[in-house]
Amino acid sequence: MADAVFQLGVPLFLLALGYFAGSMAEQSHYKSIRVRELRLRRMPTTNLRRPPPHWRVESITLVAGSAVISVDYFKRFLAQLRGFIGGRVRSYESLLDRARREAVLRMKEEAVQGGFDAVINVRLESTNIASPLRNDRGTAGVEVLAFGTALKLARSA
Amino acid sequence: MEPLENNVSLEHPLAELATLVLGIALIGLGILAAAWLAVEGAVRFLPASVEQRVFAGATGRRSPELEALLERLARHWPESAYALKLGIVPLDIANAFALPGGQLLVTSTLLEQAGSENELAFVLGHELGHVTGRDPLRGLGRGLLVSLALAAIGGAEGASVAGSVAALGERSFSREQESAADRFGLALVAAEYGHVAGASDFLRKLPDADGEASVAGRVVGWLATHPRSADRVAELEALAAQRGFPTQGALTPLPPGLRGP
């Protein structure tokens, strides 16, 4: 009986922990993302390969931002259940959304820090840096890398 | 420009959890119920002769005195389709098991602790009751089913949760089988000795049947978990009163060859 309590209790505890800690982390992350996106919204960021012809480019550099977000126990449990019957893996959507937006933010922050005015030719890459499937251990996490060409524009006199 | 945020679903994660758990549980229960019925059908359909051919292996030390006792008891159950086999296994717990194929096992500790032949006869009768109910075969089928279900679920978390739930479900189910086996055993004892004195002695010795049975359960995978021994004793007394079995009578001593190994 104690065995059964233990076997049921540990996953339930981990589920609760994952749910509460994961929700808190996610909410505070989204708060920070929204504030910073608002602050940086004026910087043109585009995936165009060339700057618009009328821009007078003074200097360029590569800027990159990368974010690694971990899954929590609750999200993984939801995704596993989802894996039985198919459909949108909603619990992982916010994970990728956060990673993508955080990576872009970091890239833009790097550009701002260097005194650049815009980022063009932005590319996004994503990698899962650990798979929980290989040996049932490990933490599933996703990395999103955003990189682009930062431009410094000549101020028109 | 406010970001749209349309890459994330608005559904609350707990709502999704509830939907997924309930939906999958319903589907799983449906499949399990169908498989359960299939096992039940197979148990009914499979002739005892085939079962005995499949589970032919005999285990345990043989004892002519014990076999003679079993034979006397089995004579009150003439319609048995099984050629019964009986063995003694050296285990530290006092218990007896019914295996598929009409094979009975008695632990050496049970023999050492037995105070009378009547007590032993009830234990054997109880296991014979499992054989009549075809419980070992059914248990094997169900065990197989549970293992398959767990294998299908696969994930470590899922398996441990489902394992505990399955164990609880199996426990509550087998109490029915245990009670039926008790009733059968008591009727055999009454038919053999003319009274049921001493029949519940073995049950009275068990401090808490749950603890004892869980140890045994690990030894023999499909062994049913027994209900609380106090409840069983009460049930036996009620049955004896109802069927008019005399509860007083002279106890038959154990045959000399059965005292210890």
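The residue numbers shown here count from 1 along each chain, following its written sequence. Chains and ligands are labelled sequentially in the order written, the chains with letters from A and the ligands with numbers from 1. Predicted model: local features are reported for residues with pLDDT of at least 70 only, side-chain atom pairs are reported and counted for 80 or more only, and whole-chain, interface and lining totals are derived from all residues. Water and hydrogen atoms play no part in the side-chain values, which are based on all heavy atoms of the structure.

Re the overall build of chain A
Strands are runs of DSSP state E lasting at least 2 residues, helices are runs of H or I lasting at least 4, and numbering of each runs from the N terminus. The number of helices and strands found in chain A is three helices and three strands. Sequence-ordered secondary structure for chain A, helices as α and strands as β, is α-β-α-α-β-β. Burial classes: relative accessible area under 20% of the type maximum marks a residue as buried, over 50% as exposed, and values in between as partly exposed (1.4 Å probe, protein chains only). In chain A, buried positions account for 38% of the 157 residues. For chain A, contacts bridging at least 24 residues in sequence account for 81% of all contacts bridging at least 6. By definition in these notes, contact holds between two residues if any of their heavy atoms fall within 4.5 Å.

Some remarks on the overall build of chain B
Scanning chain B from terminus to terminus reveals ten helices and three strands. Mapped from its N terminus to its C terminus, chain B presents α and β elements in the order α-α-α-β-β-β-α-α-α-α-α-α-α. Of all 261 residues assigned to chain B, the portion counted as buried reaches 43%. Long-range pairs, those at least 24 residues apart, make up 73% of the contacts in chain B between residues at least 6 apart in sequence. Residue burial considers only the protein chains on display, and all accessible areas are found by Shrake-Rupley using a 1.4 Å probe. Only carbon and sulfur atoms are counted for the fraction: they give 64% of the accessible area of chain B, which is about 12900 Å².

Quick notes on helix α1 (residues 13–45) of chain B
Each helix should span, by expectation, one fewer than its residue count multiplied by 1.5 Å. With 33 residues, α1(B) extends 47 Å between its outermost C-alpha atoms, agreeing within 8% with the 48 Å of an ideal straight helix rising 1.5 Å per residue. Along α1(B), the residues classified as buried are Glu16(B), Leu17(B), Leu20(B), Ile24(B), Ala35(B), Val39(B), Glu40(B) and Val43(B).

A closer look at the side chain of Glu51(B)
Turning to its location among the elements, Glu51(B) is positioned in helix α2 (residues 48–54). For Glu51(B), the contacting residues outside a window of four places in its chain are Leu46(B), Tyr82(B), Pro100(B), Gly101(B), Gly102(B), Arg134(B) and Leu137(B).

Remarks on the sheet that holds strand β1 (residues 85–89) of chain B
Residue and element names in this part refer to chain B. Between any two strands, pairing holds if DSSP finds at least two bridges. Strand order in this open sheet of three strands is β1-β3-β2, and the pairing throughout is mixed. Both outer strands of the open sheet, β1 and β2 (96–99), are each paired with one neighbouring strand and no more. Adjacent strand axes in the sheet meet at a mean angle of 20° when their direction is disregarded. Sheet topology note: the β1/strand β3 (residues 103–107) ladder contains five bridges and is parallel. Looking across to β3, one finds that Lys-85 is bridged to Gln-103. Angles run from 0 to 180 degrees between N-to-C directions of axes, and those axes are lines fitted to C-alpha atoms, restricted for helices to the stretch in contact. The strands touched by helix α3 (residues 64–74) are β1 and β3; relative to β1, the strand with the most contacts, the crossing angle is about 140°.

Observations concerning the confidence of the model for chain B
All names here are of chain B. Across chain B, pLDDT averages 78, with 80% of residues at or above 70. Values of pLDDT, the confidence the predictor places in each residue, fall between 0 and 100. Throughout residues 168–173 the model reports pLDDT below 50, and contacts reaching past four residues in sequence, or to other chains, amount to six contacts. The low-confidence segment residues 209–224, where pLDDT is below 50, has 35 contacts with residues more than four positions distant or belonging to other chains.

Examining the nonpolar core
In this structure, Leu66(B), Val106(B), Leu120(B), Leu124(B) and Leu186(B) are the most contacted members of the largest nonpolar core, which totals 41 residues. Here this core takes seven residues from helix α5 (residues 117–132) of chain B, the largest share from any one element. Each residue touching Leu124(B), except ones within four places of it in the same chain, is listed here: Leu66(B), Leu69(B), Leu70(B), Leu73(B), Leu86(B) and Val106(B). Only buried Ala, Val, Leu, Ile, Met, Phe, Trp, Tyr and Cys residues count toward a nonpolar core, and they belong to the same one when joined by side-chain atoms within 4.5 Å. Residues Ala67(A), Val71(A), Met107(A) and Val119(A) belong to the second largest nonpolar core, which totals 18 residues.

Some details on the pattern of salt bridges
When the charged atoms of two side chains lie near each other, side chains of opposite charge can form a pair. When a carboxyl oxygen of Asp or Glu is within 4 Å of a side-chain nitrogen of Lys or Arg, the pair counts as a salt bridge. Evaluated as defined, the whole model comprises 22 salt bridges over all chains. Put simply, Glu102(A) and Arg106(A) hold a salt bridge, and the shortest N to O gap is 2.9 Å. With Glu102(A) and Arg106(A) both in helix α3 (residues 90–113) and four residues apart, this pair spans about one turn of that helix. The exposure class assigned to Glu102(A) is buried, which follows from its relative accessible area of 5%. Residue Arg72(B) is joined to Glu192(B) by a salt bridge in which the shortest nitrogen-to-oxygen separation is 3.1 Å. Taken together, the positions of Arg72(B) in helix α3 and Glu192(B) in helix α7 (residues 156–193) put the pair 120 residues apart, joining distant regions of the chain. In this structure Arg72(B) comes out as partly exposed when scored by relative accessible area, which is 26%. Members of the salt-bridge network, linked through shared partners, are Arg34(A), Glu37(A), Asp97(A), Arg100(A), Arg101(A) and Glu5(B).

So, the pairing of β3(B)
All names here are of chain B. Among the five residues of β3, five are classified as buried, and the element is accordingly described as predominantly covered. Neither face of β3 is exposed, since Gln-103, Leu-105 and Thr-107 on one face and Leu-104 and Val-106 on the opposite face are all buried. Pairing geometry for β2 and β3, over four bridges, is antiparallel. When the sheet's bridge partners are listed, Ala-98 is paired in β3 with Leu-104. In sequence, β2 turns back onto β3 through a hairpin of three residues, with Gly-101 there showing a positive phi of about 85°.

Overview of the side chain of Glu117(B)
All names here are of chain B. Position of Glu-117 among the secondary structure elements: in helix α5. By the criterion applied in these results, polar contacts are pairs of N or O atoms within 3.5 Å in which, for protein atoms, one can donate a hydrogen and the other can accept it, and in which residues neighboring in sequence qualify only through two side-chain atoms. Within the structure, the side chain of Glu-117 is placed 2.6 Å from the side chain of Tyr-193, a separation counted as a polar contact. Each residue touching Glu-117, except ones within four places of it in the same chain, is listed here: Leu-69, Arg-72, Tyr-193, Thr-252, Pro-253, Leu-254 and Pro-255.

Points about unusual backbone geometry
The residue Asn121(A) is not glycine, and still its phi comes out positive at about 55°. Positionally, Asn121(A) belongs in strand β2 (residues 118–130). Its relative accessible area of 22% is what places Asn121(A) among the partly exposed residues. Positive phi, normally seen in glycine, also occurs at Arg134(B), with a value near 55°. Judged by relative accessible area, Arg134(B) falls into the buried class, the value being 14%.

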